[in-house]
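Summary of structural features
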Amino acid sequence: MELGISLPQFGAHAQYADRVGWFADRAEQLGVHSLWVAERLIAPAQPSVPYPGTSGIPKQYRQRLDPFALLSVAAAHTDRVRLGSNVLVSPLYPPAFLARILTTIDLISAGRLLAGFGIGWSPEEYAAMGVPFERRGKRLDESLDALETLWTESTAEYTGQLWTVPATREELRPAQRPHPPVYLSAFGDAALDRIGKRADGWLPMVTDAEPDTIRLLRERRERIDEQARAAGRDPARIETVLRINPPASADLDTVIALTGGLLDGTGIEHVLVNLQSVTGEPEQTLDHAEKLLAALR
């Protein structure tokens, strides 16, 4: 079992930006296996599409820290833990920008980056970046193609329908070869097929351990495996990192039971438990993480 937790990033936790390095170091000392960031560019005052599972935008997103900066700080203060994004909305960013900053983080961390991407759900975030909301799945595909080119070719050039990178000399490589592993968030058929055909990992998210949830996770993973085999890939090389978002009202015993139930029911071996949703400050998060580790060992 591998346990991941989120770096202080949203809501009250964002007030502790000056302690992110300490938090990352302490989490590593406790035995946490991975540290994660998420994406929230803005908190729309009048969202045309609410946050999934709610009727608006959760108040915690009104305070937010930059995911790239947090990963960089954590990389500089740790030696062992893997560092991941769950997720970056990659269509918001030009591929050349993503390649440069993710290469930098992978080098700072000596090859511990997990690059997790998704397409997002907020039209307002796309508008804030000047990027069309439509065809964002296609934009993600082109972004992945361009990133692979930038990360692997000495003279890199990419021309797609939605992204273009003029010919550029690329002599600096990520620490991981051929590039940092790419994980994708998905539950729909087309997105799951994309994982099976080209990704290194899957990033599903759940809020409960009900039998229907466990069944759906198993079914979705089976589809990924089928697509991987059809593409001539070994499904065992595609990791699943399950994000667990406990309800805000959950106490530690509830979080432990929820996590244990999902581990037992799915056979998944790496979980990201978003303890920020049930704690008020970083020290409490670390205390919960220590007790969760002890309970699950």
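Our subject is the structure listed above.
The shown structure was predicted, so the numbers you read here are calculated from the model rather than taken from an experiment.

Time to look at the layout of surface pockets. When its volume is computed, the largest pocket comes out at roughly 1,100 Å³. Residue lining of the largest pocket: 39 residues in total, with Tyr 51, Pro 52, Trp 121, Met 205 and Asn 245 positioned closest to the centre. Mapped by element, the contributors of at least two residues to the lining of the largest pocket are strand S5 (113–118) and helix H6 (189–198). A per-class count over the lining of the largest pocket returns 22 nonpolar, 13 polar and 4 charged. Approximately 270 Å³ is the volume found for the second largest pocket. Along the wall of the second largest pocket there are 14 residues; nearest its centre are Glu 148, His 179, Val 182, Arg 198 and Asp 200. For the lining of the second largest pocket, the secondary structure elements donating two or more residues are helix H5 (136–152) and strand S8 (182–184). Residue contributions to the lining of the second largest pocket peak at 4 residues, all from H5.

Moving on: the packing of aromatic side chains. The way to describe two aromatic rings as a pair is by their centre distance and the angle between their planes. Throughout the structure, instances matching the rule amount to 8 aromatic pairs. Between Tyr 93 and Phe 97, the ring centres sit 5.6 Å apart and the planes meet at 20°, which makes this aromatic pair stacked. Classification of Phe 97 by relative accessible area gives partly exposed; the value is 29%. Ring centres of Tyr 126 and Phe 133 lie 5.2 Å apart, and the angle between their planes is 85°; on these two criteria the pair is classed as edge-to-face. Side by side, Tyr 126 and Phe 133 carry an identical accessibility label, which is buried. Joined through ring pairs, the aromatic side chains of Phe 10, Tyr 51, Tyr 61 and Trp 121 make up one cluster. Lying across the ring of Phe 133, Arg 136 places its NZ or CZ 3.9 Å from the centre.

What counts and what doesn't
Residues numbered from 1 in each chain as written. Predicted model: local features only at pLDDT ≥ 70, side-chain atom pairs only at ≥ 80, totals over all residues. Heavy atoms only, no water. 1 Å grid on protein atoms, 1.4 Å probe; cavity = no way out; pocket = protein on both sides within 12 Å on 5 of 7 lines; lining within 4 Å. Points joined across faces, edges and corners; volume = space filled by probe spheres on them. Helix = DSSP H or I, 4+ residues; strand = E, 2+ residues; numbered from the N terminus. Nonpolar A, V, L, I, M, F, W, Y, C, P; charged D, E, K, R; others polar. Phe/Tyr/Trp six-rings, centres within 6.5 Å; stacked < 30°, edge-to-face > 60°. Buried < 20%, exposed > 50% of the residue type's maximum accessible area, 1.4 Å probe, protein only. Lys NZ or Arg CZ within 6 Å of the ring centre and 35° of its normal.

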